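Take a look at the letters that make up each chain.
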Amino acid sequence: MHAGSGNHGCEAIVNSVCRMLNSPVAVLTNSVEEDNAYSLKDMCELIPERKFAKHKMAHILYYLYRKLTDDGESFIRYRYGAVFGREMSPLAVSIGGDNYCYDIMVKDLMLANHAFNQKGTRTILLGCSIEPELLNDQAIVEDMNRYHTIIARESITYEALKAVLKSNTTLHLYPDPAFTLGKSELPLPEGFAEGNTVGINISPMIQDNEKASGVTMAGYRALIQYIIDTTDMQIALIPHVVWDRNDDRKPLKELDEAFIHTGRVVLIPDCSCEELKGFIARCRMFVGARTHATIAAYSSLVPTLVVGYSVKARGIARDLFGTDEHYVVPVQTLESENDLIAAFLWLQQEETQMHTKLMACMPEYCSRALQTGREVEKVWAELN
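Model, not experiment: these values are computed from the prediction. (Residues numbered from 1 in each chain as written. Predicted model: local features only at pLDDT ≥ 70, side-chain atom pairs only at ≥ 80, totals over all residues. Heavy atoms only, no water.)

Draft legend 1. Quick peek at the pattern of salt bridges. Counting across every chain of the model gives 15 salt bridges. We note a salt bridge from Arg146 to Asp143, for which the minimum N-O separation is 3.7 Å. Exposure remark for Arg146: the relative accessible area of 30% places this residue in the partly exposed category. A relative accessible area of 0% places Asp143 in the buried class. Between Asp324 and Arg318 there is a salt bridge whose closest N-O contact spans 2.9 Å. Of the residues examined, Arg318 reaches a relative accessible area of 36% and is grouped as partly exposed. Here the salt bridges share partners, and the residues they tie into one network are Glu49, Arg79 and Asp108. (Salt bridge = Lys/Arg side-chain N within 4 Å of Asp/Glu carboxyl O. Buried < 20%, exposed > 50% of the residue type's maximum accessible area, 1.4 Å probe, protein only.)

Shown next, in the form of structure tokens:
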């Protein structure tokens, strides 16, 4: 279920998992072009999904076939035809993330899992976050129990799954694979003061989840103004997803244009997940919306405030710090432009303590994240 490297969180998961495995890896991808443009090129075999949008007649024929036969998985077999059309691998891995949290994806996730199982392929769901309420849906519970192995990336998901999984599915709790992602340090642009820059990431996704219209952008504007007025720190605006339909650069460009006259703000261009982590790692503090941007910060020991909207942000913070209070600001709770400033004030006060906590816990946390690769290799060895 790899959507393409234009989402650098997706890229980071695939990159990290590929580096963990000694076995050859084939990645079914929604965008070979994106993957070749970033870090996955030459790292694995890239197999493009077939898209009905490019084959209208096939879409019509498959739609009629599904109507006549009620065979919903026919769409999956078409989509992944390059795999279903040859000798099937005994193991298929879904990269998880928070895919199950999006209504638009759940049906395809369940159909794909069932289709691979029908072919005798074992399936693994790794690095996943699932809202506990979703497991009130019996169809999703049945789908979870089709996986041979599930690796939850935070304890809220783990505890919720533990309550519904049967003995035939093995469940583990290991941190997101991207905590082990390497970094590549490109030259810093003018205006980026290493060790004295606040990294800022905002996404259209959190804007879509806000309760008070416009409060997110207003809060980010107020926060940047506060940093400019009260500190000597620079500000780096860092995108982490650059899809046309969901592009961090759009709100970040608005912020850049609003403050470019100050000389205190720099907009980081799009680059690979490893290169983005290289910029984030040289920040003093980080305020981020994208999960894998904040994972890049945490794993680089950068004190971080998460502007989140779902279980993944809360669960990761609880596992790292024992609580998500203050560490995560749910975007749904933002009521005024000053709320983000108040949260940042707490981050400033706790900067040293958070850095110390991250220094203490991150080596063991990243070591546990490597267990994801070992579990995949273990299942692969059983099948070969």
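Draft legend 2. How the structure looks around the side chain of Glu274. Position of Glu274 relative to the elements: it lies in helix H12 (residues 273-281). Note on Glu274: relative accessible area 14%, which makes it buried. Setting aside chain neighbours within four positions, we find Glu274 in contact with Asn15, Arg19, Ser39, Leu181, Gly182, Lys183 and Ser184. (Helix = DSSP H or I, 4+ residues; strand = E, 2+ residues; numbered from the N terminus. Contact = heavy atoms within 4.5 Å.)

Draft legend 3. A look at the sheet that holds strand S4 (residues 122-128). Taken in spatial order, the four strands line up as S3-S4-S5-S6 in an open sheet, and their pairing is parallel. Two strands bound the open sheet, and with one partner strand each, they are strand S3 (91-94) and strand S6 (170-173). Within the sheet, the average angular offset between the axes of one strand and its neighbour, ignoring direction, is 15°. In this structure, S4 lies alongside strand S5 (residues 149-152), joined through four bridges in parallel fashion. By the bridge assignment, Leu126 is partnered in S5 with Ile151. Where helix H8 (residues 155-162) meets the sheet, it contacts S4, S5 and S6, and its direction lies at approximately 160° from that of S6. Together, S3, S4, S5 and S6 form the strand contacts of helix H16 (residues 371-383), whose direction differs from that of S4 by roughly 180°. (Pairing = 2+ DSSP bridges. Axes fitted to C-alpha atoms, helices over the stretch in contact; angles between N-to-C directions.)

Draft legend 4. Representation of helix H6 (residues 103-118) in the model. Look at H6: 24 Å from first C-alpha to last across 16 residues, which is about the 22 Å you get at 1.5 Å a residue. Inspection of H6 places Val106, Leu109, Met110, Leu111, Ala112, Asn113, Ala115 and Phe116 among the buried residues, and these make up the whole buried set. Check the buried side of H6 and you find it contacts strand S1 (26-29), helix H4 (74-79), helix H5 (81-84), S3, S4 and helix H7 (138-144). In the stretch just after H6, Gly120 is the one whose phi turns positive, near 85°. (Expected span 1.5 Å × (residues − 1).)

Draft legend 5. Local environment of the nonpolar core. With 59 residues, the main nonpolar core has Phe179, Tyr220, Val287, Tyr298, Leu320, Phe344 and Met362 as its most contacted residues. Among the elements that take part in this core, helix H15 (residues 339-369) stands out by supplying 13 residues, more than any other. Beyond its immediate chain neighbours, meaning those up to four positions away, Tyr220 contacts Ile200, Asn201, Ile202, Ile206, Leu255, Val287, Gly288, Ala289, Val307 and Leu340. One finds Ala112, Met144, Ile150 and Leu165 within the second-largest nonpolar core, a separate group that totals 32 residues. (Core = buried A, V, L, I, M, F, W, Y, C linked by side-chain atoms within 4.5 Å.)

Draft legend 6. Region of the structure containing H8. Burial runs high along H8: six of the eight residues are buried. Close packing links the buried residues of H8 with S4, H7, S5, S6 and helix H14 (311-321). Between the side-chain oxygen of the N-cap and the backbone nitrogen of Ile156 there are 3.0 Å, and the N-cap of H8 in question is Glu154. (Polar contact = N/O pair within 3.5 Å; in protein donor to acceptor, adjacent residues only side chain to side chain.)

Draft legend 7. Main features of the environment of Arg19. Topologically, Arg19 is positioned in helix H1 (residues 8-20). When sequence neighbours within four positions are dropped, the list of residues in contact with Arg19 reads Met43 and Glu274.

Draft legend 8. A look at the packing of helix H10 (residues 215-230) against H15. As a packed pair, H10 and H15 sit with axes 8 Å apart at the nearest point and diverge in direction by 45°. One finds that H10 runs oblique with respect to H15. Counted together, Gly219, Tyr220, Ala222, Leu223, Tyr226 and Ile227 of H10 and Leu340, Ile341, Phe344, Leu345 and Gln348 of H15 form the full contact between these two elements. Class assignment for the residues of the contact of H10 with H15 results in nine nonpolar, two polar and no charged. (Parallel < 35°, antiparallel > 145°, perpendicular 65-115°, else oblique. Nonpolar A, V, L, I, M, F, W, Y, C, P; charged D, E, K, R; others polar.)

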